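Structural characterization, general
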Amino acid sequence: MKKILFLSFIIMLLGGIITLQDQIDSLISDSQIIEEDSWTTYEKKEDKLVQSPSTSKELKKIGAEQTKKKSLIPKRSLSSVQMKPKNYKTYQGRRIIGHIKKDMNDINFINKVEKTWKDKLSEKLLQHRDRQAKLFIKSENSVIKIQNGSARYLEQVNITFLFKGDDSNSFKAFVDSETGEILNTWNRSIHDKVNVKAIKFTPDGTL
Amino acid sequence: MKKGFFSFNKKKKQPASLAGLMLLTLLLPLLESCLTNTAEKSTRRSQQGVINNSNTVATGFGRILQDNPIILTGNPNLNPGFNIDMLLQLDQDFIVNDQFLSKTCINNIASCMSVTADQNTPQFNSSDAKWAYPGNSLEFLQVNTFGHLSKTIDRFHEDLQDLHTLTWGNIPFGPTYNTAIPEFIFPNNGHWMGTSNLKTFANCDVINDARFDPAAFTICLGRDLEFDDVKFAQDNTVIYHEFGHALNMIAMNMRNNTLGLIEKSDLGYLFYDEAGSIGEGLADYASYMMTYPQRPHIGEWALGRFNLQSRPLREDDPLHVAGLDTEDDSRLSYPQYLLYDPNQPEKPIEDVHYAGQIISHFLVALTEDFMSSSYCGMTQKLATSYVMYMVVESLAELGDISALGSDNNTVGYVNLNQVHALEWIKNNKPINFRSFSQAIAKNVNRIMNDFGNPRCAGGVYNKDRLERLLDSYGLLLFKNYNEDGNQEFLGHVGGNNLVNDTNRLKTVLIPKDLLMYDPNSGASKAFIIDGRSNVKSAYDNLSASGQVGSLSSQIEADLPFNNGNARVSPGELVGISLNLYNDSNSEMAGIQILANDWDHVKWDDTALPKPYKKGKLCNTFGDNFPLSSEGAADTSAEANPSLNAGDCNYITRDNGDQLNEQLAPVCFVEISEASATKWGLQEEFRESIALEPSNCLSGSSDTRDCFIRMLKGADQAIYSKINPKANYGQSIALPGQTINFSFSNIIFMEISPWIPPGTTFNCRFRTRFSNCEDCYNNDNFSKDDHLDYEFSGGEAFKLINFQFTVID
Ligand SMILES: [Zn+2]
């Protein structure tokens with residue numbers, strides 16, 4: 001009995017290692033494909049969404065710089081030959097993240113790419129806004145995320161809000177390439193404000 | 001008199017950091033007499049102070065303030081508009097051998113940091129690369145910022161190189177322990193954010209704010225609201241603190257950046273949480289590390305002088321209340337001092353900066369223990385370097401999205417796996433005072449308690465000594481050091497160091513079952529926020545900060561259905577805060593209410609491709625929900641624990657990705673059938689009322705949360721602490737005050753407009769807290785930590801069922 005248990009443990013372990021290797025294979029390095037003039041400014045004026053390429057003055061204000069040309073970094077130095085991670089895999093020119101399938105042509109995509117994703121995203125981000133805000137969106141990367149056997153086209157963006165009084169907030173996000181829906185955010189601003197009262201809500205009642 | 005805040009007595013108010021002031025007043029002339037005069041002839045100190053111009057410095061040099069103006073003048077009541085030149089020393093500081101304030105970093109990062117006046121102004125240039133400007137000029141402010149930042153970056157990289165040598169430099173044997181520092185960190189620029197330039201605005205156009213923006217990789221140092229010429233960049237401790245945030249981010253993502261992962265982990269996700277508090281404590285410690293001689297106080301000028309918001313880093317600081325000192329029984333301990341603002345000790349405040357004081361004080365105490373002449377006898381530099389090694393190791397492991405935790409580990413050692421690591425870091429196993437203390441302890445133990453490399457005065461730093469120090473801060477919250485990690489197959493097979501329980505004198509661990517709904521008669525189950533303007537403003541703030549993503553397209557913009565009737569109505573976005581109670585006799589802290597999907601359904605249609613749609617609720621978690629007569633899954637034939645994926649007694653190993661397993665949302669619905677009513681899945685209810693899948697909150701691609709969907713990012717709530725035999729409201733509000741909630745206390749739910757009024761839902765939340773006796777360990781495995789996959793299930797949590805009926 002003990003032997004059987006031990007054997008099944010070894011089998012599980014091996015199985016685990018194979019899955020782990022699979023996962024390590026899916027590790028990918030940052031492609032950092034930078035698009036030319038990829039920042040766009042959005043603003044709500046008289047309830048209409050107005051968009052324009054961000055001006056260099058605006059970009060300075062949010063601490064961003066306009067990228068000049070399409071480039072593929074990183075430049076490899078000699079020592080980076082020692083880099084452990086493998087090169088990222090791509091499909092349709094997009095970097096793949098998640099469990100990579102052997103044959104990408106067989107995979108089921110749950111969305112498609114629409115050119116309007118950025119407009120939809122900006123619409124969503126400005127629709128509930130009471131405070132006067134300028135919104136800046138920069139496309140940073142296009143990827144395909146594979147999870148649960150399905151694939152989804154995603155856009156990696158940098159989102160910056162500039163509020164009246166030069167208060168600003170920025171973060172990065174993965175956005176659905178069809179609907180503009182935000183799926184995950186990271187790198188959010190950390191404020192060390194002094195003498196600012198925390199926003200609090202009085203409940204409307206109890207249940 | 002109540003325990004806690006209201007019993008604090010303020011020490012007699014004294015000038016901030018008097019000891020520090022005196023020390024510096026004594027040291028200043030000494031520093032000047034040590035002058036290795038590289039200055040030109042014309043340098044002198046006059047009534048107007050040092051003449052600080054290019055004639056008085058060598059190429060590449062300038063002058064910066066050696067500390068903040070309060071410390072340098074010794075005047076705690078210093079007024080704005082003073083002559084900064086008076087505070088400069090004759091000695092010169094190296095700034096940069098360049099015409100611009102731009103720094104080069106190791107491994108040939110051409111421009112890793114640069115300083116400008118503000119967001120709108122280009123870099124100014126100094127054609128002779130001399131950096132001496134009148135103290136009250138904008139140029140000086142930029143040089144001051146650059147000089148301090150540059151020193152901090154050099155120190156950080158120097159420490160990192162030393163740590164890399166300490167671990168990977170042990171050729172040919174490799175690291176003496178499984179370090180989280182990547183072997184190829186430097187060639188991959190994991191010691192920075194790739195080759196990015198940290199742009200810093202010394203005179204940033206914001207008021208009463210200093211900020212680190214990781215997405216833009218910028219630091220913004222603002223000014224005082226009242227006094228325009230009081231600049232945050234005049235206070236070196238604030239500059240160090242802001243860089244401390246950058247340092248946290250680099251350390252957290254050291255492994256992610258080295259591997260080139262796109263997504264990053266953050267230290268803190270809510271307005272208030274323990275990870276964010278740890279981040280603030282660490283940023284304060286970065287200031288302590290950079291001041292020499294060490295100054296255990298931060299922000300006397302920028303934060304304290306006009307806003308009374310400076311922070312001590314040691315218990316004997318005069319700003320602290322009476323009763324705190326550096327004795328074991330009088331430390332600034334967790335969770336007693338979690339809501340303690342030394343500037344206003346009578347007023348409890350749930351704020352990351354003040355909660356973080358516990359971490360900064362602990363790390364300062366650890367440093368001083370390393371320096372203690374009767375023990376390790378290290379220099380300040382060496383002691384702070386060692387503490388930084390432990391901090392960087394801990395953050396690099398805990399923030400690892402590759403789920404390895406070390407180049408030498410297998411995937412799953414930490415944060416489950418690469419697909420779900422971020423879910424672990426954000427929700428299922430966020431960094432808290434327990435996990436951070438445990439990681440620090442593990443690293444102190446393996447670096448300082450290594451007989452092969454005796455680093456403490458020729459000996460080792462004793463494990464009991466470490467545990468007693470942690471305990472004096474209430475931080476001995478863990479039972480083992482968890483060296484074997486949390487991987488499914490390996491997480492219980494390594495040898496772990498166990499905590500010596502006799503060292504746990506002050507730290508109190510509470511059984512999870514003592515967290516419950518307020519049992520008092522008439523107490524409500526939850527507070528509800530559904531007024532339109534309140535919820536609109538909440539969503540506005542949450543989405544602008546990036547905490548939450550998009551609303552469902554089923555929820556109308558402008559939230560017209562939010563009616564403020566304190567009920568859950570169709571079409572609303574609703575905030576709820578559970579009325580939780582601590583039934584123990586000790587303070588309970590870091591209470592987390594999770595509303596994300598978990599493994600509590602037995603799926604029936606597993607023969608079909610995913611997503612599975614048909615299934616029954618598991619009643620195997622001790623919450624007696626639902627009864628088998630109310631639609632619970634049949635588990636009579638199951639082993640417990642089970643090895644069959646799909647069973648209720650089997651916890652998914654990969655958060656629902658494997659065959660036969662799938663997570664389910666927290667909310668279920670009451671479905672009336674001919675003979676009885678039962679609890680069923682939202683999908684089953686959708687079919688019963690024949691609602692088109694496309695009308696579900698997540699659209700037709702996922703109908704599992706068709707009617708009630710938790711707003712991602714606001715799908716957890718945190719309560720800093722709950723007093724003994726009290727509810728959260730009683731713990732946070734002053735007597736007589738009504739309770740108000742901050743963003744971190746509220747879970748937001750989207751309510752489908754298609755719900756027929758009268759429909760009843762039950763949401764099964766998972767709750768736990770940081771000083772929990774039985775939320776993190778498995779006593780069957782020598783008190784070893786739970787394996788990561790177990791946090792997809794219900795065992796490690798106290799389940800709280802919340803029922804409500806949707807009405808118009
Ligand atoms: Zn901070």
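Use the structure listed above.
So, here's what we can say about the structure. (Residues numbered from 1 in each chain as written. Chains lettered and ligands numbered in written order. Predicted model: local features only at pLDDT ≥ 70, side-chain atom pairs only at ≥ 80, totals over all residues. Heavy atoms only, no water.)

**Topic: the coordination of the zinc ion**
Coordination sphere of the zinc ion, protein contribution only: Asp192(A) (OD), Asp192(A) (OD), His241(B) (NE2), His245(B) (NE2), Glu280(B) (OE) and Glu280(B) (OE), at 2.0 to 2.8 Å. Classification of the site at the zinc ion as irregular follows from its six donor atoms and the range of 51 to 157 degrees in their angles at the metal. Remark: His241(B) occurs in helix 4 (residues 236-252) and Asp192(A) occurs in strand 12 (residues 190-193); the pair is interchain, linking two chains. Judged by its relative accessible area of 7%, Asp192(A) is buried. With relative accessibility at 3%, the residue His241(B) sits in the buried group. (Donors = N, O, S within 2.8 Å, 3.2 Å for Na, K, Ca; no water. Tetrahedral: all angles 85-135°; square planar, octahedral: opposite > 155°, others 65-115°. Helix = DSSP H or I, 4+ residues; strand = E, 2+ residues; numbered from the N terminus. Buried < 20%, exposed > 50% of the residue type's maximum accessible area, 1.4 Å probe, protein only.)

**Looking at the nonpolar core**
Core analysis: the biggest nonpolar cluster contains 215 residues, and Phe370(B), Leu578(B) and Phe765(B) have the highest contact counts within it. With residues up to four places along the chain from it excluded, the contact list for Leu578(B) reads Tyr517(B), Lys525(B), Ala526(B), Ile593(B), Tyr719(B), Phe765(B), Ile800(B) and Phe802(B). With 17 residues, the next largest nonpolar core counts Tyr42(A), Trp117(A), Phe161(A) and Ala173(A) among its residues. (Core = buried A, V, L, I, M, F, W, Y, C linked by side-chain atoms within 4.5 Å. Contact = heavy atoms within 4.5 Å.)

**Points about the side chain of Ser770(B)**
All names here are of chain B. Within the element layout of this structure, Ser770 appears in the loop between strand 25 (760-768) and strand 26 (777-778). The buried category is assigned to Ser770, whose relative accessible area is 1%. Among all residues touching Ser770, those that are not within four sequence positions of it are Glu274, Tyr334, Asn432, Arg434, Leu477, Ala589, Gly590 and Tyr776.

**What to know about the pattern of salt bridges**
Inspection of every chain in the model, using the stated rule, returns 44 salt bridges over all chains. Here Arg152(A) and Asp176(A) are joined by a salt bridge, their closest N and O atoms 2.8 Å apart. Separated by 24 residues along the polypeptide, Arg152(A) in strand 9 (residues 150-163) and Asp176(A) in strand 10 (residues 168-176) bring together distant segments of the chain. Overall, Arg152(A) belongs to the partly exposed group, its relative accessible area being 22%. For Asp176(A), a relative accessible area of 3% gives the class buried. A salt bridge links Glu368(B) to Arg314(B), with the shortest nitrogen-to-oxygen separation between them at 2.5 Å. Residue Glu368(B) is found in helix 9 (residues 357-371), and its partner Arg314(B) is found in the loop between strand 11 (311-312) and helix 8 (352-355); the two are separated by 54 residues along the sequence. (Salt bridge = Lys/Arg side-chain N within 4 Å of Asp/Glu carboxyl O.)

**Some thoughts on the environment of Asp808(B)**
Residues and elements named next belong to chain B. Mapped onto the elements of the fold, Asp808 is located in the segment after strand 28 (798-805). Of the residues examined, Asp808 reaches a relative accessible area of 62% and is grouped as exposed. Expressed as a C-alpha distance, the spacing of Asp808 and Lys429, which sit 379 residues apart in the sequence, is 37 Å. Those residues in contact with Asp808 that sit more than four places away from it in its chain are Asn563, Asn565, Ser569, Pro570 and Pro757.

**Structural notes on the environment of Ile732(B)**
All names here are of chain B. Along the polypeptide, Ile732 turns up in helix 16 (residues 728-732). You can call Ile732 buried: its relative accessible area is 11%. Taking C-alpha positions, Ile732 is 8.4 Å from Leu339, a pair spaced 393 residues apart along the chain. If we skip the residues at most four places from it in the chain, Ile732 touches Leu339, Pro348, Glu350, Ser720 and Ile739.

**A short note on the interface of chain B and chain A**
With 97 residues of chain B at the contact, the number on the chain A side is 78 residues. With both chains or domains summed, chain B and chain A bury close to 7,800 Å², and 51% of this area falls on carbon and sulfur atoms. Across the chain B-chain A interface, the total number found is zero salt bridges. For the side of chain B that touches chain A, the elements supplying multiple residues, two or more each, are strand 7 (198-201), strand 8 (209-213), helix 4, helix 5 (254-259), helix 11 (421-428), strand 13 (526-529), helix 14 (532-544) and strand 28 of chain B. It is helix 14 of chain B that contributes the most residues to the side of chain B that touches chain A, nine residues altogether. Sheet topology note: the strand 13 (residues 205-206) of chain A/strand 13 of chain B ladder contains two bridges and is antiparallel. Within strand 13 of chain B, the residue paired with Gly205(A) across the bridge is Ile528(B). (Buried area = accessible area lost by both parts, 1.4 Å probe. Pairing = 2+ DSSP bridges.)

**Some points on empty space enclosed by the protein**
Residues and elements named next belong to chain B. Within this structure, the stated rule accounts for nine cavities of 30 Å³ or more. Computed from the structure, the largest cavity encloses a volume of approximately 230 Å³. Along the walls of the largest cavity sit 19 residues, with Glu397, Leu398, Val414, Lys429 and Asn486 positioned nearest its centre. Of all the secondary-structure elements, those providing two or more residues to the lining of the largest cavity are helix 10 (380-398) and helix 12 (433-448). When its residues are assigned to classes, the lining of the largest cavity shows eight nonpolar, six polar and five charged. (1 Å grid on protein atoms, 1.4 Å probe; cavity = no way out; pocket = protein on both sides within 12 Å on 5 of 7 lines; lining within 4 Å. Points joined across faces, edges and corners; volume = space filled by probe spheres on them. Nonpolar A, V, L, I, M, F, W, Y, C, P; charged D, E, K, R; others polar.)

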